[in-house]
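What follows is each chain in one-letter form.
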Amino acid sequence: MASQYEEMWRGLGLDLAAHDQLLQVLGQGYQQIFLAQSNRPQGMDYFNFVMSEVHGLRIKELVDGKKEGTKVVGSYCVFVPEEIVRAAGATLVGLCSGADFAVEEVEKLLPRNTCALIKSSFGFKLGRVCPYLESADLIVGENTCDGKKKSYEALEKLVSNLYVMDLPQVKSSEGRALLKAEYWRFKEAMEELAGKAISAADLKRGIKIANDKRRVISRLSNLRSNNPAPISGLDALLINQVYFYDDPVRFTEAVNKICEELGERVRKNEGVVPKEAPRILMSGCPMAVPNWKLPWIIESAGAVIVGEESCVGERGTRNLVAEDGGTVEELMEAIVDRYFNIDCAIFTPNPDRAKHVAEMFRGYKAQGVMHYSLQFCQPYQIESIPLEKLLEDQGLPTLRLETDYSQEDIEQIKTRVEAFLEILR
Ligand code: BJ8
């Protein structure tokens with residue numbers, strides 16, 4: 001990929017040597033983790049291609065779009081409403097990163113005990129290796145966990161285009177009013193960025209695009225509820241990760257296509273693994289590309305992941321925006337309604353999340369829950385203790401895992417995962 005896109009990367013200000021290194025590691029990891037799987041659906045060819053061009057062709061599309069006036073908005077959280085971004089005719093891309101980079105530099109700005117997701121996002125900026133970040137006309141941060149909201153104070157000094165969205169922490173009427181006010185303020189910011197007013201027709205179009213993506217992910221999730229599972233958890237996670245980068249209409253078509261193939265597998269009672277493979281529901285922090293460590297360990301041990309209770313997964317895609325509003329006010333109200341349901345652990349209290357985990361467990365015929373928290377992620381770590389108790393009280397076996405982006409704990413995690421799977425078998 002390198003030579004073909006070198007000029008574009010240089011133009012974006014990337015550090016070419018560091019970026020080459022990153023691509024090499026990414027490529028090797030992809031080869032060992034994804035391409036080494038057997039019995040993959042053919043429809044994954046599309047996602048292999050997307051990943052092989054994730055810093056190439058997709059960035060070229062964004063850069064070409066920018067020349068035509070299409071703005072790029074980068075976000076770190078599923079609370080940033082894609083509908084409003086699309087309504088402004090702009091493109092939304094995810095900026096969260098799943099690999100350690102420029103750690104020494106990062107730790108000059110952030111304490112060592114900051115979660116890997118935040119540190120990684122800083123590392124990609126300081127190391128100048130993320131073409132998505134460098135293509136973004138607007139970078140949207142949000143006041144969610146303490147780590148994120150405080151780190152944006154430091155990020156503001158590194159970028160000139162940071163917009164911070166305030167978010168509620170309590171599901172009260174005041175909390176909803178805050179979200180509503182912030183989404184209206186965001187709409188104005190998007191109008192200013194795009195240089196045009198957002199009409200009801202624009203919002204309807206944005207809502208339809210985002211809903212279609214969510215519908216197709218829900219179709220995929222339903223297919224995964226079959227036993228034997230028709231697709232590996234790794235491949236399904238990858239699809240959920242690509243959700244944040246790809247052109248949404250093309251993505252929706254590709255996932256629909258793979259769902260046809262998976263439907264055929266289900267009809268023939270064919271699975272990607274034998275029927276006896278333990279079925280795992282993942283729950284917890286989001287997994288950004290290329291954070292594939294845990295699913296890789298779990299599936300290499302003979303289990304299959306059948307669902308993700310995560311923002312890169314069902315927490316991020318559950319619920320649609322009502323499409324029947326006729327005015328900007330009605331449609332904005334519908335957007336607020338949908339997002340106010342997201343059960344992120346930054347909310348206190350957050351009882352819906354436990355309910356959703358239990359529902360997903362039963363719906364996807366899981367046999368065990370593996371709760372994943374990133375080290376130093378207080379919201380998910382603290383919530384994992386009562387969540388585990390609640391699930392165990394209902395007879396749902398749960399394993400709490402805590403890790404980061406390093407490779408050092410692989411053996412230790414393997415041992416714990418294998419012991420848990422033994423109990424399930
Ligand atoms: S809606 S989960 S995407 S905030 S892992 S940075 S919580 S210390 S990512 Fe998130 Fe939005 Fe919530 Fe979803 Fe903080 Fe935890 Fe780090 Fe996290």
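Look up: the structure comes first, before these words.
Before going into details, it helps to say that this report is about the structure given with it. Here the residue index of a chain counts from 1 through its sequence in written order. Local features in this predicted model are restricted to residues whose pLDDT is 70 or higher, and side-chain atom pairs enter the listing and the counts only when it is 80 or higher, whereas totals over whole chains, interfaces and linings include all residues. Each side-chain value is worked out from all heavy atoms of the structure, with water and hydrogens disregarded.

This brings us to the overall build of the protein chain. Helix numbering and strand numbering both begin at the N terminus, where a helix is a DSSP run of H or I of at least 4 residues and a strand a DSSP run of E of at least 2. Helices and strands together make up the secondary structure of the protein chain, namely 19 helices and 8 strands. Taken over the C-alpha trace, the protein chain has a radius of gyration of 21 Å; the compact-globule value for 425 residues is 22 Å, and the two agree within 12%. In the protein chain, which comprises 425 residues, the share counted as buried stands at 60%. The contact criterion used is simple: two residues touch if any of their non-hydrogen atoms lie within 4.5 Å. Considering only contacts within the protein chain whose residues lie at least 6 apart along the sequence, 75% involve residues at least 24 apart. Here the accessible surface of atoms and residues is derived via Shrake-Rupley with a 1.4 Å probe, and residues count as covered only by protein chains that are part of the display. Summed over its atoms, the accessible surface of the protein chain is roughly 17,500 Å², and 52% of this surface lies on carbon and sulfur atoms. For this count, His and the chain ends are skipped, Lys and Arg are scored as positive, and Asp and Glu as negative. To locate a charge, the coordinates of NZ of Lys, CZ of Arg, CG of Asp or CD of Glu are taken. The average position of the 51 basic charges and that of the 62 acidic charges among the side chains of the protein chain differ by 2 Å. Values of the radius of gyration come from C-alpha atoms, whereas the globule rule sets the reference at 2.2 Å times the count of residues to the power 0.38. Burial classes: relative accessible area under 20% of the type maximum marks a residue as buried, over 50% as exposed, and values in between as partly exposed (1.4 Å probe, protein chains only).

Attention now goes to the environment of Val129. Structurally, Val129 is set in the loop between α7 (116–126) and α8 (131–135). What makes Val129 buried here is its relative accessible area of 0%. Along the backbone, Val129 and Phe101 are 28 residues apart, and their C-alpha atoms lie at a distance of 8.9 Å. Filtering out sequence-adjacent residues up to four positions away, Val129 remains in contact with Leu14, Ala18, His19, Leu22, His55, Phe101 and Phe124.

Moving on, we get to the sheet that holds strand β1 (residues 72–75). When DSSP locates at least two bridges between a pair of strands, those strands are taken to pair. Overall, parallel pairing links the 4 strands, which are arranged β2-β1-β3-β4 in an open sheet. Taken across any chain shown, the strands that pair with only one partner, and hence form the sheet edges, are β2 (91–94) and β4 (162–165). Geometrically, the sheet is characterised by an average inter-axis angle of 30 degrees between neighbouring strands, direction not taken into account. Strand direction decides the pairing type here: β1 and strand β3 (residues 138–142), joined by 3 bridges, are parallel. In the sheet register, Gly74 faces β3, and the bridge partner there is Ile139. Angles here are taken between N-to-C directions and fall from 0 to 180 degrees, while the axes themselves are lines fitted to C-alpha atoms, restricted in helices to the stretch in contact. Contacting β1, β3 and β4, helix α10 (residues 173–194) runs over the sheet at an angle of about 160 degrees to β4.

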